[in-house]
Amino acid sequence: MASVLFPVLVVCVLIDIKGTVHNPYFGFLIYLILGPLFLISLILLIIGATISRGKEDIGLFTFEYIEEQFARPGRYSRIRRHIILTFVISLITLFLVALVSYTGFHYTESASFCGQFCHQAMEPAYATHQNSPHSRISCVQCHIGKSSQWLTKSKFSGVRQLFAVLFDSYPRPIPQPITSLRPERGTCEECHRPEMFHGDKLYVKDLFLPDENNTHVQTALLMKIGSGGYLGRKAHGIHWHVSEDHPVFYRHTDAEQEKIVQVWLQDGDQEKHFTVTEGKQPFLPEGSPLGSVRQMDCMDCHNRPTHVFRSPDEALDEKLITNAIPRTIPFIKRQGLLAITAQYDSVEAAFQSISRSLKDWYQANYPDVIAHDPPLLDKAIAAIQQAYAQNVFPEMNVTWGTYSDFIGHRDGSGCFRCHDGLHYGQNGEAISNDCNLCHIILAENEKSPDVIALLRKANTR
Ligand code: HEC
Ligand code: HEC
Ligand code: HEC
Ligand code: HEC
Ligand code: HEC
């Protein structure tokens, strides 16, 4: 076993280090099957050697015996050669075992192992990760913290997950928020330091209207990014919530952390409480348990820093801005939206239907578009299919809107879970929902907004 596995392993490890094979199962084969088998064969070899018939001969192999073989010149040169050979082979084996353990450990930490090995279960998470600002960071850099408890936690959780995949018992979709391996604040702060942020930042969003010309409009917000407070600067703006000086706690009565009934914080000696009130009485939904308490951290707003599932509008706008969907095709935004928001049982069915419905519609309504430049519509169709496949995963029951994003206030969620003007403090004032608290709206869905023209002009002067 050892002598067959040995050369196979050497060749496989070399190929893997060169990076010529990209199949995720290749790493699995080397590090989680061949590697352990090789270790087992070595253990068997040792056990076999110690309990086998030739025990006495091996017993002879003591340090004195070896010394004696080398001390007398010309004696038993065959044995001497064997000793040297054994020594060299042992060294190479040790090196191989170390190499396989080391690269094997790294392999189980790679995005390819986490994201592609359990292909179906992790597909939505992997696809969105690949399409995000964090695509160069591996999964474990966020999902597994640095301390030693995390290592055991992650391995236990990993074994549980492996069984869930083997017995096909994992939930579809994987519910949010996740209960184990949720990133913790310290993990984000390895790279980001919100206490050092300061001031406001211009956010410009490009959108396209569902009209004949797919009109390009822009929304511009001056976002009050703020800071968590640093070197005597006071915490302010959006990142005020993460200041060490006044941790914010909240109580939620549902698993999704959407229904927040109480918020409180200790600011110096001042204690602030905010409760959802109905009439003047503190209000907890009837029959609800008291709920769970959480200290606010990054994930209460940035729950989708990397698994960003776009809305149908955003998914198409992203393709229109780069002209992957040619903007010159009349009504392509509207028709694209109709095509990607329909219900499909599988990605293949979706692709076929998107292609067919768009071709039929343009053939019937704009035959000259197809006649004039046939590849134009094909290009649009390919990008629309991609917009679908990057955000909808029928096998995992993940469709548009399955996962809510807590950044902003889509559908009254996110910031408006607390900033809805219904969470009143002791002094009768509610957590603010003033439209200028978090951002100043400079332009909303405007064609060539003045403010952007002004900034561009200032720039070129
Ligand atoms: C930038 C940090 C970051 C990286 C990198 C990252 N994740 Fe996540 N992941 C998160 C956060 C934050 C959540 C949401 C946690 C919550 O809501 O409880 C999450 C949630 C998930 C979920 C639950 C489903 C969901 O979308 O809420 C899965 C599965 C997952 N991640 C897998 C992966 C895999 C696989 C990779 C690597 C390909 C990866 N993650 C990389 C931060 C990250
Ligand atoms: C290993 C380093 C690293 C870790 C850990 C990390 N990030 Fe990032 N993050 C980055 C880098 C680098 C960028 C910039 C990417 C770019 O601009 O293309 C970024 C970008 C961002 C952005 C801006 C995204 C945008 O659309 O421009 C946010 C928000 C963010 N990270 C939040 C988080 C949160 C929350 C966590 C913890 C769950 C986290 N990051 C963990 C390195 C990291
Ligand atoms: C109260 C909600 C909230 C909390 C808590 C929060 N953030 Fe943010 N963060 C925002 C918003 C809102 C923005 C700007 C809008 C956007 O990125 O879409 C932002 C922007 C950022 C950016 C991009 C900044 C830039 O200059 O573009 C990073 C990085 C970031 N946050 C990291 C963090 C980290 C790390 C934590 C935890 C220590 C954290 N945030 C906690 C709401 C929050
Ligand atoms: C868990 C509840 C909760 C959530 C969720 C929440 N906030 Fe807050 N926020 C508060 C509380 C409490 C205050 C302080 C209110 C007060 O003192 O009157 C506050 C204050 C603020 C302030 C004013 C800070 C200052 O300068 O004093 C800003 C800006 C803000 N929030 C932005 C946001 C944004 C943006 C989001 C969503 C990304 C968000 N908040 C989500 C609870 C929340
Ligand atoms: C508690 C903070 C907060 C308050 C209060 C708030 N917003 Fe926002 N709003 C945000 C954040 C954060 C975003 C950015 C979301 C993102 O990055 O996608 C946003 C985004 C927007 C957008 C851009 C939408 C888009 O396409 O992404 C509009 C428009 C907007 N807000 C309007 C309003 C109006 C009108 C009000 C008053 C009723 C309001 N906001 C109150 C935090 C707030």
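Here's what I pulled together on the structure shown here. Values in this document were obtained by computation on a predicted structure and should not be read as measured data. (Residues numbered from 1 in each chain as written. Chains lettered and ligands numbered in written order. Predicted model: local features only at pLDDT ≥ 70, side-chain atom pairs only at ≥ 80, totals over all residues. Heavy atoms only, no water.)

## Considerations on the pairing of strand S3 (residues 248-252)
Here comes step 1: Across the 5 residues of S3, 4 count as buried, placing the element largely inside the fold.
Here comes step 2: As paired elements, S3 and strand S4 (residues 260-267) share 5 bridges and run antiparallel to each other. The residue bridging His252 from the neighbouring strand is Ile260, located in S4.
Here comes step 3: In this sheet, strand S7 (residues 292-295) lies alongside S3 in antiparallel orientation, the contact comprising 4 bridges. (Buried < 20%, exposed > 50% of the residue type's maximum accessible area, 1.4 Å probe, protein only. Helix = DSSP H or I, 4+ residues; strand = E, 2+ residues; numbered from the N terminus. Pairing = 2+ DSSP bridges.)

## A word on the site of ligand 4
Here comes step 1: Inspection of the region around ligand 4 gives 21 residues, with His241, Lys272, Cys415, Cys418 and His419 positioned closest.
Here comes step 2: His241 is positioned with one of its side-chain polar atoms (N or O) 2.8 Å from a nitrogen atom of ligand 4.
Here comes step 3: Residue assignment for the shell around ligand 4 shows that the elements contributing at least two residues are S4 and strand S5 (270-278).
Here comes step 4: For the shell around ligand 4, the element with the highest residue contribution is S4, accounting for 3 residues.
Here comes step 5: Looking at the shell around ligand 4 residue by residue, the class counts come to 15 nonpolar, 4 polar and 2 charged. (Near = heavy atom within 4 Å. Polar contact = N/O pair within 3.5 Å; in protein donor to acceptor, adjacent residues only side chain to side chain. Nonpolar A, V, L, I, M, F, W, Y, C, P; charged D, E, K, R; others polar.)

## With respect to the coordination of the iron atom of ligand 2
Where a metal carries four tetrahedral donors, each ideal angle is 109.5 degrees; where it carries six octahedral donors, the ideal angles are 90 or 180 degrees.
Here comes step 1: Taken together, the protein donors to the iron atom of ligand 2 comprise His134 (NE2) and His192 (NE2), at separations of 2.0 Å.
Here comes step 2: Relative to the metal, the 6 donor atoms surrounding the iron atom of ligand 2 lie at angles of 87 to 179°, and the coordination shape comes out octahedral. Note that His134 is positioned in the loop between helix H7 (119-130) and helix H8 (139-143) and His192 in the loop between helix H10 (185-188) and strand S1 (201-208), a separation of 58 residues in sequence.
Here comes step 3: Taking relative accessible area as the criterion, His192 reaches 41% and is therefore assigned partly exposed. (Donors = N, O, S within 2.8 Å, 3.2 Å for Na, K, Ca; no water. Tetrahedral: all angles 85-135°; square planar, octahedral: opposite > 155°, others 65-115°.)

## Overview of the site of ligand 5
Here comes step 1: Around ligand 5, a shell composed of 17 residues is seen, among which Lys205, His409, Cys435, Cys438 and His439 lie nearest.
Here comes step 2: Between ligand 5 and His409 there is a distance of 2.8 Å, counted from a nitrogen atom to a side-chain nitrogen or oxygen.
Here comes step 3: At a separation of 2.7 Å, a nitrogen atom of ligand 5 approaches a polar side-chain atom of His439.
Here comes step 4: Listing elements by their share of the shell around ligand 5, those giving two or more residues are strand S2 (216-223) and strand S9 (439-446).
Here comes step 5: The leading source of residues in the shell around ligand 5 is S9, at 3 residues.

## Quick word on unusual backbone geometry
Here comes step 1: A cis amide bond, omega -5°, links Arg172 with the succeeding residue Pro173.
Here comes step 2: Structurally, the position occupied by Pro173 is in the loop between helix H9 (148-166) and H10.
Here comes step 3: Despite not being glycine, Gln257 has its phi angle at roughly 65°, a positive value.
Here comes step 4: One non-glycine residue, Asn445, adopts positive backbone phi at about 50°.
Here comes step 5: Following the sequence through the fold, Asn445 ends up in strand S9.
Here comes step 6: Assessed through its relative accessible area of 41%, Asn445 is described here as partly exposed.

## Describing the coordination of the iron atom of ligand 4
Here comes step 1: Within the protein, the iron atom of ligand 4 binds to His241 (NE2) and His419 (NE2); these donor distances fall in the range 2.0 Å.
Here comes step 2: Given 6 donor atoms and angles of 86 to 179° at the metal, the environment of the iron atom of ligand 4 is assigned as octahedral. Highlighted residues: His241 in the loop between S2 and S3 and His419 in the loop between helix H15 (374-389) and strand S8 (423-425), separated in sequence by 178 residues. An identical accessibility class is assigned to His241 and His419; each is buried.

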